[in-house]
Amino acid sequence: MTSEKTDALVIRQVDFSETSRVITFFTREFGKVALLAKGARRVKGPFESALDLLASCQIVFLRKSSGSLGILTEARLRERFHNTGREMQRLYGGYYVAELLDGLTEEFDPHPELYDRARQALHRLDDVSAEPSLAIVLFELALLREIGHMPNFEECLVCHRPTDGRAPYAFWVAQGGILCRSCQQQEYKHNRLKLETVHLLRELAQPDAIEPAHLEPSTIREMGCVTTAAVAHYLGRKPRTLRYLQKPK
């Protein structure tokens, strides 16, 4: 067995026995890792509060070569996600980030940039002055880019004309791209996107994009309809936490 040390986010917890849990981490160096935390269910366990959901910590674990569960040997709390109960949309936003990391990444497939973006999203959700819906959209875009499924916002999927003025546009979920006004069929009439929204998505899809500090709520909603639909498509289902996160229209 090899001993490894890394920074990590707690994204899932499952009871394993009367005293232990299986903790799934999203780590900076190793990607998603599920580890057996012996004694984690005890009131005075060896890990204290370092294994709370969404906690940022430094962990040491024994990595087994047989494909079986590794063993968590040490977890030191670095930072806690504080937004627990102050505002439900922010709380469930954090759970949503954890669900997507768990569902759309593979074990021992590192994405250090995505790890940094996940922590950034949690910081935004913890900041009462930041718009939580925008934090989620920005994280969804970072996730889609990192897993190689960023939609094509550059041109219409059918006629290949650049997205520069044939609005309103529509998002074709199954094909991962945009349809211009001329190429849309009747079923897209309730799924319209302003030119401004498409341009913003195109800009924010770039890894070095300058992230806006403020956008109109209607624009964030339009962007979110696209990013969340894309995420759900590649996940193969609607995220479970989505119903708690979405505001009624």
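Before reading further, recall that the structure is shown in the block above.
All values derive from a computational prediction rather than experimental measurement. In every chain, residue numbers begin from 1 and rise along the written sequence. Where local features are concerned, this predicted model is filtered to residues with pLDDT of at least 70; where side-chain atom pairs are given and counted, the filter is 80 or more; whole-chain, interface and lining totals use all residues. Side-chain metrics rest on all non-hydrogen atoms present in the structure, leaving aside hydrogens and water.

(A) Structural view of the pairing of strand β1 (residues 2–15). Criterion used throughout: strands pair if DSSP finds at least two bridges between them. A run of H or I in DSSP counts as a helix once it spans at least four residues, and a run of E counts as a strand once it spans at least two, with each numbered from the N terminus. Across eight bridges, the pairing between β1 and strand β4 (residues 56–63) is antiparallel. Looking across to β4, one finds that Thr 2 is bridged to Arg 63. Note that β1 and strand β2 (residues 21–27) share seven bridges and pair antiparallel. Residue pairing in the sheet places Val 10 in a bridge with Phe 25 of β2. Connecting the antiparallel pair β1 and β2 is a turn made up of five residues.

(B) The arrangement of unusual backbone geometry in detail. Omega for the bond connecting Ala 167 with Pro 168 falls within 30 degrees of zero, at 0°, which places this linkage in the cis form. On the secondary structure map, Pro 168 appears in the loop between β6 (152–156) and β7 (169–172). Despite not being glycine, Leu 54 shows a phi value in the positive range, around 75°. Within the element layout of this structure, Leu 54 appears in the loop between β3 (31–37) and β4. Not every positive phi belongs to a glycine, and Phe 108 is a case in point at roughly 55°. By the element assignment, Phe 108 lies in the loop between α1 (88–104) and α2 (112–126). With relative accessibility at 32%, the residue Phe 108 sits in the partly exposed group. Remark: exposure states derive from per-residue accessible area (1.4 Å probe, protein chains only) relative to the maximum for the residue type, with buried under 20%, exposed over 50%, and partly exposed in between.

(C) Inspection of the nonpolar core at higher detail. The biggest cluster of nonpolar side chains holds 49 residues, and the ones touching the most others in it are Val 97, Leu 101 and Phe 139. Of the residues forming this core, the biggest block, nine residues, is contributed by helix α3 (residues 132–146). Here Phe 139 is in contact with Val 97, Leu 100, Leu 101, Leu 114, Arg 117, Ala 118 and Ala 121, once residues within four sequence places are set aside. As used in this record, nonpolar core signifies buried Ala, Val, Leu, Ile, Met, Phe, Trp, Tyr and Cys residues forming a set joined through side-chain atoms within 4.5 Å. Within the second largest apolar cluster, 18 residues are counted, among which are Ile 23, Ala 37, Leu 51 and Ala 55. Between two residues, a contact is recorded if the distance between any of their heavy atoms is within 4.5 Å.

(D) Broad picture of the environment of Thr 227. Assignment of secondary structure puts Thr 227 in helix α5 (residues 217–235). The class of Thr 227 is buried, set by a relative accessible area of 1%. C-alpha separation for the pair Thr 227 and Pro 151, spaced 76 residues apart in sequence, amounts to 8.7 Å. Setting aside residues up to four positions removed in sequence, Thr 227 forms contacts with Val 137, Glu 140, Leu 141, Leu 144 and Leu 201. A distance of 3.4 Å separates the side chain of Thr 227 from the backbone oxygen of Gly 224, its partner in a polar contact. In the analysis that follows, any N or O atom pair within 3.5 Å is treated as a polar contact, provided that within protein one partner can donate a hydrogen and the other can accept it, and provided that, for residues neighboring in sequence, both atoms belong to side chains.

(E) Spotlight on the sheet that holds β2. The five strands lie next to each other as β1-β2-β3-β5-β4, forming a closed barrel whose pairing is mixed. Across the sheet, the mean angle separating the axes of adjacent strands is 50° when strand polarity is ignored. Pairing of β4 with strand β5 (residues 70–79), which is carried by seven bridges, proceeds in the antiparallel orientation. Counterpart to Val 60 in the pairing with β5 is Glu 74. Axis definition: a line fitted to C-alpha atoms, over the contacting stretch in the case of helices. Angles run 0 to 180 degrees between N-to-C directions. Relative to β1, α2 is tilted by about 50°, and along the sheet it contacts β1, β2, β4 and β5.

(F) Spotlight on α3. Given a helix with a known number of residues, its expected span is that number minus one, times 1.5 Å. Here α3 spans 21 Å end to end across 15 residues, near enough to the 21 Å set by a 1.5 Å rise per residue. Its side-chain oxygen placed 3.1 Å from the backbone nitrogen of Ser 133, Glu 131 serves as the N-cap of α3. Looking at the residues trailing α3, positive phi occurs at Gly 148, about 80°.

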